[in-house]
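Report on the structure
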Amino acid sequence: MEKDFEWFNHWVEKNLGIQLQSYKESQMQRRILNIMNTTGAKNLKEYSEQIQRDSEIKQAFLEHITINVSEFYRNKELFDTFEKVFLKEIVPKFSSIKIWSAACSIGAEPYTLAMILEKNNLKQATILATDLDDKILSRAKQGVYRLQEVRNVPKEMSIRYFSQKTTSKETRYEVVPEIKRKVTFRKHDLLKERYTDGLQVIVCRNVTIYFKVDARDQVYQKFSDALVPGGILFTGATETINYPERIGLRKIDSFIYQKM
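So, here is what we can say about the structure in this document. (Residues numbered from 1 in each chain as written. Predicted model: local features only at pLDDT ≥ 70, side-chain atom pairs only at ≥ 80, totals over all residues. Heavy atoms only, no water.)

The next subject is the layout of surface pockets. In this model, the largest pocket occupies a volume close to 240 Å³. If one sorts the elements of the lining of the largest pocket by residue count, helix α4 (residues 55–65) sits on top with three residues. Split into classes, the residues belonging to the lining of the largest pocket amount to four nonpolar, three polar and seven charged. (1 Å grid on protein atoms, 1.4 Å probe; cavity = no way out; pocket = protein on both sides within 12 Å on 5 of 7 lines; lining within 4 Å. Points joined across faces, edges and corners; volume = space filled by probe spheres on them. Helix = DSSP H or I, 4+ residues; strand = E, 2+ residues; numbered from the N terminus. Nonpolar A, V, L, I, M, F, W, Y, C, P; charged D, E, K, R; others polar.)

To continue, consider the sheet that holds strand β7 (residues 199–203). Spatial strand order, β6-β2-β1-β7-β8-β10-β9: seven strands in an open sheet with mixed pairing. At either end of the open sheet lies a strand with only one pairing partner, and these are β6 (183–187) and β9 (249–253). Here the average twist between neighbouring strands, direction ignored, is 25°. Looking at chain direction, β9 and strand β10 (residues 256–259) are connected through four bridges and run antiparallel. Within β10, the residue paired with Arg250 across the bridge is Gln258. Along the sheet face, helix α5 (residues 76–90) touches β1 (97–101), β7, β8 (227–234), β9 and β10 and points at about 170° away from the line of β8. Relative to strand β2 (residues 125–131), helix α6 (residues 108–119) is tilted by about 175°, and along the sheet it contacts β1, β2, β6 and β7. (Pairing = 2+ DSSP bridges. Axes fitted to C-alpha atoms, helices over the stretch in contact; angles between N-to-C directions. Contact = heavy atoms within 4.5 Å.)

Printed below as a string of structure tokens:
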């Protein structure tokens, strides 16, 4: 079976442009088999043929293997800490601020950052949000969410920054235009493409846990290279950078690192 996955990984990279071999094998293989079994394919070769000829199967595969679990203010206490560090370490020191929300998924993270900017009346900052998945980026641009995804937003911010749309089934929450305008979305592959440099802030949370050690370390090195001295990197609650000094960073708070 390992040889089958090796073949499939190469096929996916050649035909879909995604480097599955950079992800942890056991997790990725489990995800592939789960989605493959919904199609009735008997093996990976048959599944690859289905992906090639059926656009719906292809899209379902791409959505399933790219990790798209997200919500506003995920681990809110960490976002509260990030806001304090941001206001202390970044805002007073830079006349213009470029923020990159990497692997932004459905857009909850960059819109959270945009609300923090708006709440603090910060006009000198711009937010670039990127992800690998075109369909997820399309949803992020729409900015419409379920209650589960906005449950951590403080009430006063929910009232100010969302409009509610109630149907017979449920209530949806749409980000208001003034927040949407603060975020620019773009497709980007963390593992393959060049990083924008000259950044004051990078936020990338709960993504590198799925990468193999070598791929994870390369991503962190490139994040460090993309930051200006004094810039900060905000990671997820399950992610730790071992020996950050080796890549030019120092830990200044829980899951927050600063470029030396």
